[in-house]
Structure formats: structure tokens, C-alpha cells
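# Fold and geometry: a report
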Amino acid sequence: QDDLLRKLVKLPPIHEDVRKLGVGGKINKDQSVSLEYLLPTENFNLYESTNQIDILSRTMNLESLSYNEIYESAENQVDRIRHFPAIHPLKKGTGKLSSRYGYRKDPFTRKLKFHEGDDFSAKRGTKVISTADGIVKTSKYYGSFGHYIEIDHGNGYVTCYGHLHKRNVKKGDKVERGQYIGQVGNTGRSTAPHLHYEIKYKNKRLDPSNFYFDISL
């Protein structure tokens, strides 16, 4: 989670060696072993427990420092973050990621073809939400995509939502992240109810998996 949030606010990741916090160094065992006779069970190792508590304490301190840095960075760029695609287009528990960005067998031709977004299987009528603040660029029936919505988030980012059953926004509408914009459907070139979701940056399609900061669906 920390790594994801640092990526969102454009902070460098914490190096793996730093996360290890110097674990594995030699510690003077004599100071703790001398008190082991006071413990009620033979299976309890005071030296190991002391070491583990020390590691846990240092880990919590590191995370506290990191989250403070993330918070301060986020405060200075709230508008950019609000307009950056950062969540799944379906709420947790309402759908399942069924087909990822990349090469796959086309469900109609059975030939290998590049899939330019992520597909989410869900019941028809499941609510679709905007993944960032923006302005609706397109809301119409659009060929093989069926009922289709595009949202312009500024800074070159656009998100696309296809095969919808219903569109709840029109061109020019302002939307916020998490706002209900339509329903999962089976319109256009589709074999079953699902949402086709794309992210474009300056007209180039990107892998949406790099933009799910709300952890995997």
C-alpha cells in the first residue's frame, strides 16, 4: 500500500535495503538470555521475541515517516491526484476482472489479438463509476463498443467505458471520482455482460493495472 501511494503522489519508492531495516545484524544475546529462567514456558525465547519487537518498532517508525511524507506531498497536489485515474471502475465485490490488457484470443475469431484494456464481468445493471474527476468527452452508442463513455481528466489522460447497458451522463458533464456514470451491459460486440475499461494518455492506450491504487479487485 505504501509503495502504491508513493507512486500516486510521485515520490520515489523506499529502497528494499531500507525496508529491511538492518535486520540480520549481530545482537548481544547475553543481555536477554540471562532472564529466560523467569519465563513460564520452555518454548518461549526471550532473545528472539526482543529482536522481533525491535524489528516491529523500527518498521512502524519507517511507515509513519513515509506516510507523513506522502500526506504532505498529496496536500500540495490535490487537484492533480483527483484528476488521475486511480481506482477500479466497479466497486469492490460487484465484479470480477475477467480479461487483462495484452494479447489474448479474440472471443469471436479465436485468433490472437491485442486487448487494449481490462474487462470486468458483472451482472447487467451493475453500477460503473468514474475513476477520476473530469469532464465527459463522449457519451453515445459507438459501434462495436455499444453504449460508450469517454471522460477527459486533463493532463493528457482519458478513460473509456464500453458495452454499457445504460449511460447516466452526457457530453460536457463534470464528474467526480467514484461517481455513478452508467451500468454494465452487453451492447455492441460483446458475448456476455461486462465492462470494457481503457486508459489513454495522449491517445496512447496504457495498461490499467498500473492505475489501481485501491488494491486489486
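Residues numbered from 1 in each chain as written. Predicted model: local features only at pLDDT ≥ 70, side-chain atom pairs only at ≥ 80, totals over all residues. Heavy atoms only, no water.

## Things to note about the overall build of the chain
Heads up, the rule is: A run of H or I in DSSP counts as a helix once it spans at least four residues, and a run of E counts as a strand once it spans at least two, with each numbered from the N terminus. Partly exposed residues are those whose accessible area sits between 20% and 50% of the maximum for their type, while under 20% is buried and over 50% is exposed, using a 1.4 Å probe and protein chains only. The criterion used for residue contact is that any of the two residues' heavy atoms lie within 4.5 Å. Where accessible areas are quoted, they stem from the Shrake-Rupley method and a 1.4 Å probe; at the residue level, only the protein chains shown are allowed to cover.
Scanning the chain from terminus to terminus reveals 5 helices and 12 strands. The proportion of buried residues among the 217 residues of the chain is 38%. Taking the contacts inside the chain whose residues are at least 6 apart along the sequence as the reference set, 65% of them involve residues at least 24 apart. Of the roughly 13,300 Å² of accessible surface on the chain, a fraction of 51% belongs to carbon and sulfur atoms.

## Topic: the layout of surface pockets
Quick reminder of the rule: The pocket and cavity definitions rest on a 1 Å grid over protein atoms only: a 1.4 Å probe that fits but cannot leave marks a cavity, an open set with protein on both sides within 12 Å along at least five of seven lines marks a pocket, and residues lining either have an atom within 4 Å of a point. Grid points are joined across faces, edges and corners, and a volume is the space filled by probe spheres set on the points. Classification convention: Asp, Glu, Lys, Arg as charged; Ala, Val, Leu, Ile, Met, Phe, Trp, Tyr, Cys, Pro as nonpolar; all other residues, Gly among them, as polar.
Here the largest pocket defines a volume of roughly 550 Å³. Every residue lining the largest pocket is counted, 23 residues in all, and those nearest its centre are Arg 104, His 115, His 163, Arg 189 and His 196. Listing elements by their share of the lining of the largest pocket, those giving two or more residues are strand S1 (96–99), strand S3 (112–115), strand S4 (118–121) and strand S11 (194–201). Among the residues forming the lining of the largest pocket, the class breakdown is 6 nonpolar, 10 polar and 7 charged.

## Considering the nonpolar core
The line we're drawing: For the purposes of this section, nonpolar cores are sets of buried Ala, Val, Leu, Ile, Met, Phe, Trp, Tyr and Cys residues that join through side-chain atoms within 4.5 Å.
The biggest cluster of nonpolar side chains holds 28 residues, and the ones touching the most others in it are Val 128, Ile 149, Tyr 161, Ile 181 and Leu 195. The contact partners of Val 128, leaving out residues within four places of it in the chain, are Pro 89, Leu 90, Tyr 161, Leu 164, Gln 179, Tyr 180, Ile 181, Gly 182, Gln 183, Val 184 and Leu 195.

## Details of the packing of aromatic side chains
What counts is decided by this rule: Between 30 and 60 degrees the pair is tilted, below 30 it is stacked and above 60 it is edge-to-face, where a pair is any two Phe, Tyr or Trp rings, Trp via its six-membered ring, whose centres lie within 6.5 Å.
All told, the structure shown has 12 aromatic pairs when counted by the stated rule. Here Phe 84 and Phe 211 contribute two aromatic rings whose centre-to-centre distance is 5.4 Å and whose plane-to-plane angle is 40°, an arrangement assigned as tilted. One end of the pair, Phe 84, is in the loop between helix H5 (78–82) and S1; the other, Phe 211, is in the segment after strand S12 (204–206), and 127 residues separate them in sequence. Consider the rings of Tyr 161 and Tyr 197, whose centres lie 5.4 Å apart with planes at 45°: the pair is tilted. One end of the pair, Tyr 161, is in strand S8 (residues 157–167); the other, Tyr 197, is in strand S11, with 36 residues separating them in the sequence. Each of the two residues, Tyr 161 as well as Tyr 197, counts as buried.

## Digging into the side chain of His 88
What counts, and what does not: Pairs of N or O atoms are called polar contacts if they sit within 3.5 Å, as long as, within protein, a hydrogen donor faces a hydrogen acceptor (for residues adjacent in sequence, only side-chain-to-side-chain pairs).
Note that His 88 resides in the loop between H5 and S1. You can call His 88 buried: its relative accessible area is 4%. Among the polar contacts made by the side chain of His 88, one reaches the side chain of Asp 214 at a distance of 2.9 Å.

## A look at the environment of Thr 131
The topology assignment puts Thr 131 in the loop between strand S5 (127–129) and strand S6 (134–141). Take Thr 131: its relative accessible area is 0%, and that puts it in the buried class. When the C-alpha atoms of Thr 131 and Leu 90 are compared, they prove to be 8.9 Å apart, with 41 residues separating the residues in sequence. With sequence-adjacent residues up to four places away left out, Thr 131 is seen in contact with Phe 84, Pro 85, Ala 86, Ile 87, His 88, Pro 89, Thr 159, Tyr 161, Arg 177 and Tyr 197.

## Notes on the confidence of the model for the chain
For the record, the criterion: One number per residue, pLDDT, summarises how confident the predictor is, and it ranges from 0 to 100.
Taken residue by residue, the chain gives an average pLDDT of 87. The fraction at 70 or more is 87%. In this model, residues 24–29 is a region of pLDDT below 50 whose contacts with residues beyond four sequence positions or in other chains number 3 contacts.

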